[in-house]
Amino acid sequence: MSEFNWKRIVIKVGSALIAPNKSGCSSHYLLSIAQFIVRCRSKGIEVVLVSSGSVAAGAHLFDDIDNVPIATKKAMAAAGQTEMMATWDKLFDFPSAQVLLTHADLRNRDRYVSVKETIATLLSNGILPIINENDTVTTDKLKVGDNDNLSAMVAAAADANALIICSDIDGLYDKNPHLHEDAKLISWVSKIDASIYSMAGGATSSVGTGGMRTKIEAAEKATSNGIDTFIINGFTELSFNMLLQGKNPGTHFQPFEQPMQENVHWMTHTSKAQGELVVEGDFNETLNEGVEGLTADEIVEVNGDFAVGDTILVRRDDGTKLVKAEANYSSCLLSFLTRHSEHSRYNEYMQKTGPIISEKNLAVLEEK
Ligand SMILES: Nc1ncnc2c1ncn2[C@@H]1O[C@H](COP(=O)(O)OP(=O)(O)O)[C@@H](O)[C@H]1O
Ligand SMILES: N[C@@H](CCC(=O)OP(=O)(O)O)C(=O)O
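Counting restarts for each chain, with residues numbered from 1 along the sequence as it is written. By the order in which they are written, chains take letters starting at A while ligands take numbers starting at 1. Owing to the predicted nature of the model, reporting of local features is limited to residues with pLDDT of at least 70; listing and counting of side-chain atom pairs is limited to 80 or more, with chain, interface and lining totals taken over all residues. The basis for the side-chain values is all heavy atoms of the structure; hydrogens and waters are excluded.

Visitor: Please explain the overall build of the protein chain as it appears in this structure.
Guide: Strands are runs of DSSP state E lasting at least 2 residues, helices are runs of H or I lasting at least 4, and numbering of each runs from the N terminus. Tallying secondary structure elements over the protein chain gives 14 helices and 13 strands in all. In terms of C-alpha radius of gyration, the protein chain reaches 22 Å, essentially the compact-globule figure of 21 Å for 368 residues. Once the C-alpha set of the protein chain is aligned to its principal axes, its extents read approximately 70 × 50 × 45 Å. Only protein chains enter the calculation, and the probe is 1.4 Å; a residue is then buried if its accessible area is under 20% of its type maximum, exposed if over 50%, and partly exposed in between. Put simply, the protein chain has 368 residues, and 51% of those count as buried. The contact definition used throughout considers only heavy atoms, calling two residues in contact when any of these lie within 4.5 Å. Taking all contacts inside the protein chain whose residues are at least 6 apart in sequence as the whole, residues at least 24 apart take part in 72%. Only the protein chains shown count as cover for residues, and all accessible areas are computed by the Shrake-Rupley method using a 1.4 Å probe. Just so you have it, the protein chain exposes about 16,900 Å², and 47% of that area is on carbon and sulfur atoms. Residues counted as positive are Lys and Arg, residues counted as negative are Asp and Glu, and His and the chain ends are not counted. Just so you know, the charge point we use is NZ for Lys, CZ for Arg, CG for Asp and CD for Glu. Between the mean site of the 33 positive side-chain charges and the mean site of the 48 negative ones, the protein chain shows a separation of 4 Å. As a reference, a globule follows 2.2 Å times the number of residues to the power 0.38, and the radius of gyration itself is taken over C-alpha atoms.

Okay, structure coming up:
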């Protein structure tokens, strides 16, 4: 088999590889990952690293380790992040850069483009970006929540050809092998559907977040962007040697032959809806006229608290998701206008101000 023809890859490393047993960082498993990164770079493949492990690395500095409140986890992340970066840095003789992100940095288009540019600039200067979620400042509303999904968003932002998720297990099995002795490894996934999701269970180690489900979500995001995705066992050097020979050491998810357009992919998989409009009528016909077709009298509900420029979901009242788009009106103003849609002066106002949703990064979901 010939080598993979990659120009740029993202490698995601789980907590168990960095800080096994929550007793501080260890370079034991990182050596072969670092060697792989060095060999990729020497072949001209640019590498972005998404590294978990700040919470697990910082835990040993605290009195209580298990079942701690969120504030303590955030403090662990702050303390562990420096130790984690220092551990990686020792393994490379080229510079690395810390990039800490929250979902708020990715779901806003301008901030997302800024992150894209920073990653591209680091890479063109030979610097290894090491990315993690900024756990210390996140809240439920602001976070991605797991580094599997974060790594897929980063792979899209970095225009990567491949996403390699290094875990504590050989890949995706048809059921959790820690719980079922007869579980079988799935080496090739051509399409991610409900049957693939049904195989995934949660994390069973004390340091992992999300288990297999978030890895499949990440694979779905990445493959729809045309990115080759692998889940591999990061504990063993063999995985990396196989990848360098163009062989699959774990589970390989087939990328879409026709990836989504970049901004539509961002809207579908990275941006998160801050609110929603419930509409009635034939939305298919409505959109035939373009976004101008959506008028206030078709909106039966405005849900959530969103501002101009936030992403919103347009759906039917039976739950069918129609489109994700940028709101051109705040939820507050839109609620008022839809309640008064029979008044011609408000309709005139809306005609002057422009369509309810923007067509800039619009993503059509299940059906129009
Ligand atoms: N179908 C499955 N195949 C493989 N692992 C599974 C499956 N379902 C659940 N798991 C669990 O997911 C774990 C890997 O996820 P996680 O602990 O979050 O690791 P990481 O820290 O690498 O992200 C495995 O060790 C296993 O316990
Ligand atoms: N951002 C967190 C990692 C969250 C996470 O997804 O962990 P993992 O499942 O081990 O990849 C940290 O650095 O501890």
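After that view, the rundown keeps rolling.
Visitor: Whenever I open this one, the site of ligand 2 confuses me. Can you help?
Guide: Residues are counted as near a molecule or strand when any one of their heavy atoms sits within 4 Å of it. Taken together, 14 residues lie around ligand 2, and K12, S15, S52, D135 and T209 are the ones closest in. D135 is positioned such that a nitrogen or oxygen atom in its side chain is 2.7 Å from a nitrogen atom of ligand 2. Across the complex, the protein chains shield 94% of the 390 Å² of accessible surface that ligand 2 would expose by itself. Any residue outside Ala, Val, Leu, Ile, Met, Phe, Trp, Tyr, Cys, Pro, Asp, Glu, Lys and Arg is labelled polar, Gly included; the first ten of those are nonpolar and the last four are charged. Among the residues forming the shell around ligand 2, the class breakdown is 2 nonpolar, 9 polar and 3 charged. The definition of a polar contact used here is a pair of N or O atoms within 3.5 Å, where within protein one atom must be able to donate a hydrogen and the other to accept one, and adjacent residues in sequence count solely through side-chain atom pairs.

Visitor: In this structure, what is going on with the domain arrangement of the protein chain? I would like to understand it.
Guide: Reports of interface size often rely on the accessible area that becomes lost once the parts have come together. On domain assignment, one finds that the protein chain holds domain 1 (8-265) and domain 2 (273-364). A C-alpha centroid distance of 36 Å is found between domain 1 and domain 2. Tallying the contact residues gives 4 residues for domain 1 and 7 residues for domain 2. Buried area: the sum, over both parts, of the accessible surface (1.4 Å probe) that disappears when the two are put together. When the buried surface of domain 1 facing domain 2 is broken down by residue, R107, N263 and V264 rank first, second and third, together holding 74% of it. We count a salt bridge whenever a side-chain nitrogen from Lys or Arg sits within 4 Å of a carboxyl oxygen from Asp or Glu. Inspection of the region where domain 1 meets domain 2 yields 0 salt bridges. Counting the contacts that link domain 1 with domain 2 gives 2 residue pairs in polar contact (both at pLDDT 80 or more). Looking at side-chain class alone, the side of domain 1 that touches domain 2 contains 1 nonpolar, 1 polar and 2 charged residues. Domain start and end points were adopted from an automatic or database domain assignment.

Visitor: Just checking my understanding: could you explain the UniProt feature "binding site: substrate" (unreviewed entry) in the protein chain for this structure?
Guide: UniProt positions are given in the numbering used here, feature names are shortened, and annotations may be inferred rather than shown by experiment. In the numbering used here, UniProt assigns the feature "binding site: substrate" (unreviewed entry) to S52, D135 and N147. A maximum C-alpha distance of 10.7 Å places the annotated residues, which cover 96 residues in sequence, within one compact spot. Leave out the neighbours within four places in its chain, and D135 touches S54, V55, K74 and A77. Residue N147 is classed as buried on the basis of its relative accessible area, which comes to 9%.

Visitor: Any chance you could explain the packing of helix α6 (residues 109-124) against helix α11 (residues 262-270) here in plain terms?
Guide: Helix-helix packing is characterised by the crossing angle of the two axes and by the distance between the axes. Geometry is summarised by axes, namely lines fitted to C-alpha atoms with helices restricted to the contacting stretch, and by angles between N-to-C directions that run from 0 to 180 degrees. Where α6 meets α11, the closest approach of the two axes is 12 Å, and the angle between their N-to-C directions is 110°. Between α6 and α11, the interaxial angle falls into the category roughly perpendicular. Crossing handedness for the pair α6 and α11: right-handed. For the pair α6 and α11, contact is made by R109, Y112 and K116 and by E262, N263, W266 and T270, respectively. Grouping the constituent residues of the contact of α6 with α11 by class yields 2 nonpolar, 2 polar and 3 charged. In what follows, roughly perpendicular refers to angles from 65 to 115 degrees, roughly parallel to angles under 35, roughly antiparallel to angles over 145, and oblique to any angle outside these ranges. Each crossing is labelled by how the near helix is turned from the far one, with a counterclockwise turn of less than a right angle marking it left-handed and a clockwise turn marking it right-handed.

Visitor: Looking at this structure, how should I read a negative patch on the surface?
Guide: A patch consists of residues whose relative accessible area exceeds 30% and which take part in no salt bridge; residues with like charges are grouped when within 9 Å of each other, and nonpolar side chains (Val, Leu, Ile, Met, Phe, Trp, Tyr) when within 5 Å. A surface patch of negative charge is lined by E280, D297, E301, D317 and D318. Tracing the backbone shows D318 in the loop between β11 (311-316) and β12 (321-326).

Visitor: Looking at this model, I keep getting lost on the pairing of strand β7 (residues 228-233). Mind explaining?
Guide: Residues in a regular strand point their side chains to alternate faces of the sheet. Along β7, 6 of the 6 residues are buried, which leaves the element largely enclosed by surrounding structure. Side chains of β7 alternate between two faces, with D228, F230 and I232 and T229, I231 and N233 buried alike. Two strands pair when backbone bridges link them, and strand β5 (residues 162-167) and β7 are joined in this way by 6 bridges, in the parallel orientation. Its bridge partner being in β7, L163 is matched across the sheet by T229. As paired strands, β7 and strand β8 (residues 251-253) are joined by 3 bridges and run antiparallel to one another. Residue pairing in the sheet places T229 in a bridge with F253 of β8. At least two bridges found by DSSP between two strands are what make those strands a pair.

Visitor: Would you mind showing me how to read the nonpolar core here?
Guide: In a soluble, globular protein the nonpolar side chains are often hidden away together inside. We define a nonpolar core as any set of buried Ala, Val, Leu, Ile, Met, Phe, Trp, Tyr and Cys residues linked to one another through side-chain atoms lying within 4.5 Å. If you look at the biggest cluster of nonpolar residues, it comprises 48 residues, and the most contacted ones within it are V10, I131, V154 and L172. At 7 residues, helix α7 (residues 147-157) tops the list of elements feeding residues into this core. Setting aside anything within four residues of it in sequence, one finds V10 in contact with V48, V50, S151, V154, A155, A158, A160, A162, L163 and I164. If you look at the next biggest cluster of nonpolar residues, it comprises 34 residues, including L30, A34, A162 and I232.

Visitor: What is the right way to look at the sheet that holds β7 in this model?
Guide: Consider a sheet: its strands pair through backbone hydrogen bonds, and that pairing is either parallel or antiparallel. A sheet is described by the order of its strands in space; here 8 strands give the open sequence β3-β4-β2-β1-β5-β7-β8-β6, paired in mixed fashion. The open sheet has two edge strands with one neighbour each: β3 (96-101) and β6 (188-189). The sheet strands contacting helix α4 (residues 70-90) are β1 (8-13), β2 (46-51), β3 and β4 (128-133), and the helix crosses β3 at an angle near 150°. Across the sheet, α6 touches β1, β2, β3 and β4, and the angle it forms with β2 is around 125°.

Visitor: What is the right way to look at the pattern of salt bridges in this model?
Guide: Pairing is possible between side chains of opposite charge, provided their charged atoms come close. Counted by the stated rule, this structure contains 13 salt bridges. Of the charged contacts in the structure, one is a salt bridge between D148 and K215, with a shortest N-O distance of 3.1 Å. Of the two residues, D148 sits in helix α7 while K215 sits in helix α9 (residues 211-223), which places them 67 residues apart along the sequence. Like K215, D148 is buried. Between D182 and K175 there is a salt bridge, and its shortest N-O distance comes to 3.3 Å. Salt bridges sharing partners connect three or more residues here, namely R109, K116, D159 and E262.

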